[in-house]
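Take a look at the letters that make up each chain.
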Protein chains: 2
Amino acid sequence: MTDDGSKIVPLAEVYAFVVRCMGVVGINEDDAGALADLLVSADYRGHYSHGLNRLYIYIQDVKSGTTASNAKPEIVKETIATALVDGNNVLGPIVGRFCIDLAIKKAKDAGIGWVSARNSNHFGIAGWYGLRAVDSGMIGMAFTNASPLLVPTRATKAVFGTNPICVAAPAKDGDSFVLDMATTVVAYGKVEMAHRKGEMIPPGWGMDASGKETQDPGECQCLFPLGGTERTSGYKGYGLSMMVELFCGILSGSHYGSNNRIWKDAQEKADLGQCYVAIDPAAFEPGFADRLSDLMNMCRTLEPAEGETEVLVAGDPERQHMAKCDKQGGILYHPNVIKYAVRHQPNCPQLNHYLTFIFMWNHVLHQAGVILKT
Amino acid sequence: MTDDGSKIVPLAEVYAFVVRCMGVVGINEDDAGALADLLVSADYRGHYSHGLNRLYIYIQDVKSGTTASNAKPEIVKETIATALVDGNNVLGPIVGRFCIDLAIKKAKDAGIGWVSARNSNHFGIAGWYGLRAVDSGMIGMAFTNASPLLVPTRATKAVFGTNPICVAAPAKDGDSFVLDMATTVVAYGKVEMAHRKGEMIPPGWGMDASGKETQDPGECQCLFPLGGTERTSGYKGYGLSMMVELFCGILSGSHYGSNNRIWKDAQEKADLGQCYVAIDPAAFEPGFADRLSDLMNMCRTLEPAEGETEVLVAGDPERQHMAKCDKQGGILYHPNVIKYAVRHQPNCPQLNHYLTFIFMWNHVLHQAGVILKT
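Quick caveat: nothing in here was measured; it's all calculated off a predicted structure.

Asker: Looking at this structure, I do not really get the overall build of chain A. What am I missing?
Answerer: The number of helices and strands found in chain A is 11 helices and 12 strands. In chain A, which comprises 374 residues, the share counted as buried stands at 64%. Relative to all contacts within chain A whose residues are 6 or more apart in sequence, the contacts with residues 24 or more apart total 65%. With the model as given, the accessible surface of chain A reaches about 13,600 Å², and the carbon-plus-sulfur share is 51%.

Asker: Is there a simple way to explain the interface of chain A and chain B in this structure?
Answerer: Interfaces are frequently sized by the accessible area removed from exposure as the parts join. The interface is formed by 85 residues belonging to chain A together with 85 residues belonging to chain B. Summed over both partners, the interface of chain A with chain B buries about 6,700 Å², with 72% contributed by carbon and sulfur atoms. Summed over the three residues of chain A that lose the most area to chain B, namely Arg-154, Lys-236 and Phe-284 of chain A, the buried surface amounts to 12% of that side. Close ionic contact of Glu-308 of chain A with Arg-154 of chain B constitutes a salt bridge, the shortest N to O distance being 3.7 Å. Here chain A is connected to chain B by 28 residue pairs in polar contact (both at pLDDT 80 or more). Those elements giving two or more residues to the side of chain A that touches chain B turn out to be strand 3 (82–86), strand 4 (112–120), strand 5 (139–144), strand 6 (165–170), strand 7 (176–181), helix 7 (234–252) and helix 8 (288–300) of chain A. The biggest single contributor to the side of chain A that touches chain B is helix 7 of chain A, with 14 residues. When the residues that make up the side of chain A that touches chain B are grouped by side-chain class, the tally is 54 nonpolar, 16 polar and 15 charged.

Asker: How should the domain arrangement of chain A be read in this particular structure?
Answerer: All names here are of chain A. The domains assigned to chain A are domain 1 (1–64 + 319–374) and domain 2 (72–185 + 224–300). Contact with domain 1, which involves 21 residues of that partner, is made by 20 residues of domain 2. In this assembly, domain 1 packs against domain 2 so that about 1,800 Å² is buried in total across both faces, 60% of it on carbon and sulfur atoms. Taken together, domain 1 and domain 2 are joined by 4 salt bridges. Here Arg-97 and Asp-30 are joined by a salt bridge, their closest N and O atoms 3.1 Å apart. For the side of domain 1 that touches domain 2, the secondary-structure elements that each account for two or more residues are helix 2 (29–44) and helix 3 (55–64). Take the side of domain 1 that touches domain 2: its biggest share by element is 8 residues, from helix 2. Here the residues of the side of domain 1 that touches domain 2 sort into 10 nonpolar, 4 polar and 7 charged.

Asker: Where do I start with the side chain of Asp-208 of chain B in this structure?
Answerer: All names here are of chain B. Considering the arrangement of structural elements, one finds Asp-208 in the loop between strand 8 (206–207) and strand 9 (213–214). There is no salt bridge for the buried Asp-208, and the closest opposite charge comes from Lys-212, which lies 6.5 Å off by N-O distance. Side chain to side chain, Asp-208 and Ser-210 meet in a polar contact 2.7 Å long. In contact with Asp-208, not counting residues within four places along its chain, are Thr-214, Glu-219, Gln-221 and Cys-222.

Procedures and definitions
- Residues numbered from 1 in each chain as written.
- Chains lettered and ligands numbered in written order.
- Predicted model: local features only at pLDDT ≥ 70, side-chain atom pairs only at ≥ 80, totals over all residues.
- Heavy atoms only, no water.
- Helix = DSSP H or I, 4+ residues; strand = E, 2+ residues; numbered from the N terminus.
- Buried < 20%, exposed > 50% of the residue type's maximum accessible area, 1.4 Å probe, protein only.
- Contact = heavy atoms within 4.5 Å.
- Areas by Shrake-Rupley, 256 points an atom, 1.4 Å probe, with all protein chains shown as cover.
- Buried area = accessible area lost by both parts, 1.4 Å probe.
- Salt bridge = Lys/Arg side-chain N within 4 Å of Asp/Glu carboxyl O.
- Polar contact = N/O pair within 3.5 Å; in protein donor to acceptor, adjacent residues only side chain to side chain.
- Nonpolar A, V, L, I, M, F, W, Y, C, P; charged D, E, K, R; others polar.
- Domains from an automatic or database assignment.
- Lys, Arg positive; Asp, Glu negative; His and termini not counted.

The structure is reproduced here in structure tokens:
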């Protein structure tokens, strides 16, 4: 336990906690394992906004029945290299694991696998799917549409979600390139985290409900696209978010654009569209991993600008965070994240499940040496 | 002829002029037609930096022998859905046309075609290749690496090119989504055009040779990635440029990163890497074009922000420019672009070709009603 009340929790504990929580709401161990691995990965990689911070929403969606707990994704149509998948409204990571594994299998046969899915749900960090392909020696990509948050250039109302792009690729000796980025200036989770920590957000991040720029995370209702305003090429970020929607909603026939539900107040199912791609480097020029390592090191060895200590490549900040976790024996959680996770459980309609959740949460914290006052 | 000396030249004249110029340096009519169509398209779509403005470089590359004039691209290896192509150092548009047509053919068979090419050359506007797929009812993508211009976040030296991304898709009734963007804040051609017009560039675009920000286009040696500085998420644009390099140089085995030559002073061949993709929407949910049109109109019908007249989608500014050209009977050229094209021919080592070029140029201008003093 640190001075500010932060707490280090071993990865295996966080994993087991998520599996048990999801078990209470009827998700089998294998499926819950996909979500648990995803959430642990997010926190382990330093993306706290997309880890345990989000667990209560997944629980809530399953408990309210807006996400299905007893179904499986299925292939609607396919070629040797492509597939259209119906997620049958199960948890996003269950749909995503099915789709990226299908894409990897197709890439082994045809050099590439391109899978578009509808009827899915929030899938967490996109990087998790890309890394699954990397583990098979493949380039992996993942995209998802999401609830409206991004305001198109020259407009005042959100149409697109944060619509992330992940592209991951295997380099030498376990090294990898892992680009995992929202097509908004930042992921909305960063606004949530600022709000939770009581901090203001920087200029150029968000707008209020009327479409005016704001630095108050509590007022921030929507986000600028990557690039910011039109003057600074924000239309490129807007175009990229629409590209993601093209691969997700438009290709799969799911909800798209402003037809997507407002996530947290959801009474209806999400019907998100997603896209998963695997490419086998072996179908192209031999020596892929060597060249990628060389390119990454070409960047890492650049002389840093004044005041900077090092030049990084996509995936390096996460690697640094994971190394830190490994050294300290687990993931460091800010006390507000813990309090928040607990405080929001009353939103769940079934109190016995809520109490079970609190019990388990405290159990984990207790094992880790902390007793929370709820 | 307008007040400032600008001149409207019919598209067919520009096309014929380019074919004739390339014929003089030994490019056959079919191959020259690819370049001519590409350059006309660039100017017609309003991307003057990538049209006639660039012709002299293509001519120079062929004349100096750094680009081959008597070769054809060939397939090195392939699966039903992928191919690795050796461009054999012919002009970029000849390589690109071969590759995107191959990708389209594969997409017809397998739902998707993913082609990576090495040993290629500058390919002009990426949109031209995407639109070729759109003409076949497909989603089309094109990527290329390029001479170092983009400075990685926290560094002071360029490693990546402008590394453009094109994604184009067919909507209803001839409408289309056409994203064609450099992963730098702007394409370098916009800096060149500012220099030619004697204008300063906005803050956040470029850096001088020492890696310091500058607004003088004459001093501008390299560019910020999309997003600008680290504070405004420039590392995302840096990551996207590296993603493009992954698809191009790393997958194909061409030059990559800072191994790419400095374009204009080239004594050696470029060996650029490129990537071309076609996806058949018919392999996914029926009704693709309807949904895409609906999404595009969802954006176009948004209420514009204060001071704005309309919300656009990627491809709309180009459509507006093409409509203007159609109305005025051709492409309006700024006199400085014309003067520049002529002035730079002395760089060509073979004077007789230079004179032939000037002659043809004047011939076209003469037909269009202008006699230039050279």
